[in-house]
Amino acid sequence: MSMVPKRIMKEVERLTKDPVPGISAEPQEGNIRYFSVLMDGPDSSPYEGGHFRLELFLPEEYPMSPPKVRFLTKMYHPNIDKLGRICLDILKDKWSPALQIRTVLLSIQALLSAPNPDDPLANDVAEHWKSDEKAAIQTAREWTQKHAK
Amino acid sequence: MDTDIEDPTDWPAEFAHLRETDQLLRCPICKEYLDTAMASANCGHTFCSLCVRRCLSQKTQCPMCHDQLTESDLQPSRLIDSLVKSFKQGRRQLLDTLTRNPQSPAPAQNGHRKRPRIQTRSSTRTAEGMLPTPQATSDRLAAADLSSDNELPAATDGEYLGSSPSSVQIIDDDDATLRGSSRRAKPTMVSCPSCGAKVRESTINSHLNRCLAGKTTEPDSKNFLRSRRTVPLSTGASRLPKPTKLAYKLLTESKLRKVLKELGIRATGDKHQMQARHSEWSPVSDRQLLKRLDVWESTASKPDATKTLATQRDVDRACSQICQHASTARRPVVASIPESPPSSQV
Ligand SMILES: [Zn+2]
Ligand SMILES: [Zn+2]
Ligand SMILES: [Zn+2]
């Protein structure tokens, strides 16, 4: 194992000892920079009842650069594309080294509760959301049932 | 990967303020204790010198709030450096103490602090009505307990998202916290010219007045504890009823017993004993002097049961006896004692 910054060790320790409710994140054996994440869909969202898998990777420059995160479970969400990539400011220009894995995961969970079709990553989904929100939410529910059980 | 990684969550959840303090002394970037703290002159956010400079080389903004920030806006913070240093030094010890015995967080760094709580309360402290330190400390911790939850304070995750760090007063330096009032200046003690008792200088005049009037209003704590069982407490303001001269002959034994009970006098023995006790008590008319009654009782010298009037001499003697006794036994004198609910006894 290559040299791991203490900060990463610390975050891992904390995530294990004091996990975020509804989110588990475990580093892969042999690669402490690669995490398997399981996230519960937030209550009263179209993703409620679903368990979503994500992968999270800490690049060499972390924490100066943001972690790379994507959903592995198929999502119907205007800010998440087919490949599971996530449109979230703190993963891009709003990243700060003061943030950490924990904050990132919480922000992603919050994004599931509050989709933002005005800043879309998946254009067709965003269009659906804007033209017929009810139907879009229904589709998101169906996808949750189908893919995230 | 555990023991050598220090983290705010090392503190038991019920000590939320210690967690918060621990958190606040850490750099938001590297999560270590601040190393050569540098604060932004614009927004006040503070980081390790090295950490923040690395960030600024990428982006000229505060890593916490994204305000514009350049190296020239950074100011050193010696106070924080000192706080960090002293917190780190005491951390292991305090943590050990708290986790070993979370019920009574009585810190011990030197002999002075080690003084056991019981002893502090019952014998060594000379009183002045101040709260014993360990109590004060655990009260504060109990208060912390009420507001604690298992999550770290918002400073951890939420702070970045715009909310400024919750205002935390680091109330005490560790000395003040741990030793508290015991370090408060010891009041100057003087001897009462009338009874010889040691009295705080600031209260000597009122003591002397009372002393000359034959009353001390400072019950010693043993007296206080004993009388608590039988008498509603008085702080000197509310006194027991003035004794009336009783026509003992007209009283039945049970009636006399009831009278004694109401007065807070021991109501054991036969009528003759109770009568003797009451007549010994009545001249002084002060609960404080129950002590004297005990002394009298233990000496087994039967007093003249007919003696019912007190002279000033008697009172002075009684005062002297009590005060002397109290001071030689170095029993704490509690300046203000809590009133017990009047309903509880009588
Ligand atoms: Zn740092
Ligand atoms: Zn700032
Ligand atoms: Zn006196």
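Remember, predicted model here, so these are calculated numbers, not experimental data.

Turning our eyes to something else, we now look at the overall build of chain A. Check the secondary structure of chain A and you find four helices and four strands. Each helix (α) and strand (β) of chain A, taken in turn from the N terminus, gives the series α-β-β-β-β-α-α-α. Across the 149 residues in chain A, those meeting the buried criterion constitute 53%. Looking at chain A alone, contacts between residues at least 24 apart form 54% of all its contacts between residues at least 6 apart. Accessible surface for chain A amounts to roughly 7,300 Å². Of this, 51% is attributable to carbon and sulfur atoms.

This paragraph deals with the overall build of chain B. Scanning chain B for helices and strands turns up 13 helices and five strands. Residue burial in chain B is summarised as follows: out of 346 residues, 40% are buried. Only carbon and sulfur atoms are counted for the fraction: they give 53% of the accessible area of chain B, which is about 19,300 Å².

What follows concerns the interface of chain A and chain B. Every contact between the two is made by 24 residues of chain A and, on the other side, 28 residues of chain B. Contact between chain A and chain B buries roughly 2,300 Å² in total, counting both sides, with carbon and sulfur atoms accounting for 54%. A per-residue breakdown of the area chain A buries against chain B is headed by A:K10, A:R14 and A:M64, which together make up 28% of the total. Linking chain A with chain B are three salt bridges. Along the contact surface separating chain A from chain B lie nine residue pairs in polar contact (both at pLDDT 80 or more). Those elements that provide at least two residues to the side of chain A that touches chain B are helix 1 (6-17) and helix 2 (101-113) of chain A. With eight residues, the single largest contributor to the side of chain A that touches chain B is helix 1 of chain A. Classifying every residue of the side of chain A that touches chain B gives eleven nonpolar, three polar and ten charged.

So, on to the coordination of the zinc ion (ligand 2). All names here are of chain B. Those donors, C43 (SG), H45 (ND1), C62 (SG) and C65 (SG), are the protein atoms that reach the zinc ion (ligand 2), and they lie 2.0 to 2.3 Å from it. Angles of 105 to 114° at the metal separate the four donor atoms of the zinc ion (ligand 2), which places the site in the tetrahedral class. Along the chain, the residues that donate to the zinc ion (ligand 2) are spaced as C-x1-H-x16-C-x2-C. Taken as a pair, H45 in the loop between strand 1 (37-40) and strand 2 (46-48) and C65 in the loop between helix 2 (49-58) and strand 3 (74-76) lie far apart in primary sequence, 20 residues in all. Residue classification places C65 among the partly exposed residues on the basis of a relative accessible area of 28%.

All right, on to the sheet that holds strand 3 of chain B then. All names here are of chain B. The sheet built from three strands is open, its strands ordered 2-1-3 with antiparallel pairing. The open sheet has two edge strands, strand 2 and strand 3, and neither has a second partner. For this sheet the average axis-to-axis angle between neighbouring strands, irrespective of direction, equals 40°. Across three bridges, strand 1 lies against strand 2 in antiparallel orientation.

All names here are of chain A. In this structure's numbering, the residues bearing the UniProt feature "active site" (unreviewed entry) are C87. Since its relative accessible area comes to 10%, C87 is described here as buried. Once residues lying within four places of it in the same chain are set aside, the contact partners of C87 are N79, K92, L111, D119 and L121.

What follows covers the confidence of the model for chain B. All names here are of chain B. Chain-level statistics for chain B give a pLDDT mean of 63 and a share of 45% at 70 or above. Between residues 302-312, whose pLDDT stays under 50, and residues either more than four places distant or in other chains, the model counts 14 contacts. Within the model, the stretch residues 318-346 combines pLDDT values under 50 with 62 contacts to residues more than four positions away or in other chains. Among the prediction metrics, the complex's ipTM stands at 0.73, with pTM recorded as 0.50.

All names here are of chain A. As defined by bridge partners, strand 1 (residues 23-28) adjoins strand 2 (residues 31-40) across six bridges and the pair is classed as antiparallel. Residue pairing for strand 2: Q28 is matched across the bridge by N31. The antiparallel pairing of strand 1 with strand 2 creates a hairpin that spans two residues between the two strands, and G30 there sits at a positive phi of about 85°. The sheet contact formed by strand 2 and strand 3 (residues 51-57) spans seven bridges and is antiparallel.

Glancing now at the side chain of A:K10. With respect to the element layout, A:K10 can be found in helix 1. For A:K10, the contacting residues outside a window of four places in its chain are B:I5, B:E6, B:D7, B:R26, B:K31 and B:E32.

Our focus in this paragraph is the UniProt feature "domain: RING-type" (unreviewed entry) in chain B. Under the present numbering, the feature "domain: RING-type" (unreviewed entry) in UniProt falls on residues 27-66 of chain B. As annotated, residues 27-66 of chain B comprises 25% helix and 18% strand, and the C-alpha atoms at either end are separated by 16 Å.

Before going further, it helps to spend a moment on helix 1 of chain A. Taking 1.5 Å per residue as the helical rise, helix 1 of chain A with its twelve residues ought to reach 16 Å, and the 16 Å between its terminal C-alpha atoms agrees with that figure. Looking only at helix 1 of chain A, the buried set comprises A:R7, A:I8, A:K10, A:E11, A:V12, A:E13, A:R14 and A:L15.

As enumerated under the stated definition, the model contains 19 salt bridges over all chains in all. Across the pair A:K130 and A:D118 runs a salt bridge whose closest N-O atoms are separated by 3.7 Å. One end of the pair, A:K130, is in helix 3 (residues 123-131); the other, A:D118, is in the loop between helix 2 and helix 3, with twelve residues separating them in the sequence. Classification of A:D118 by relative accessible area gives exposed; the value is 62%. Taken together, the shared-partner salt bridges connect A:E13, A:K17, B:E6, B:D10, B:D22, B:R26 and B:R91 into one network.

On to the environment of A:K149. Residue and element names in this part refer to chain A. The topology assignment puts K149 in the segment after helix 4 (133-147). K149 gets classed as exposed once you look at its relative accessible area, which sits at 62%. Each C-alpha atom, one on K149 and one on G50, is 5.5 Å from the other, the two residues being 99 residues apart in sequence. Discounting residues that sit within four places of it in the chain, K149 has contacts with G49, H51 and T144. Engagement of the side chain of K149 in a polar contact is seen with the backbone oxygen of G49, the distance being 3.2 Å.

Definitions and cut-offs
Residues numbered from 1 in each chain as written. Chains lettered and ligands numbered in written order. Predicted model: local features only at pLDDT ≥ 70, side-chain atom pairs only at ≥ 80, totals over all residues. Heavy atoms only, no water. Helix = DSSP H or I, 4+ residues; strand = E, 2+ residues; numbered from the N terminus. Buried < 20%, exposed > 50% of the residue type's maximum accessible area, 1.4 Å probe, protein only. Contact = heavy atoms within 4.5 Å. Areas by Shrake-Rupley, 256 points an atom, 1.4 Å probe, with all protein chains shown as cover. Buried area = accessible area lost by both parts, 1.4 Å probe. Salt bridge = Lys/Arg side-chain N within 4 Å of Asp/Glu carboxyl O. Polar contact = N/O pair within 3.5 Å; in protein donor to acceptor, adjacent residues only side chain to side chain. Nonpolar A, V, L, I, M, F, W, Y, C, P; charged D, E, K, R; others polar. Donors = N, O, S within 2.8 Å, 3.2 Å for Na, K, Ca; no water. Tetrahedral: all angles 85-135°; square planar, octahedral: opposite > 155°, others 65-115°. Pairing = 2+ DSSP bridges. Axes fitted to C-alpha atoms, helices over the stretch in contact; angles between N-to-C directions. UniProt positions renumbered as here; feature names shortened; annotations may be inferred. pLDDT = per-residue confidence, 0-100. Expected span 1.5 Å × (residues − 1).

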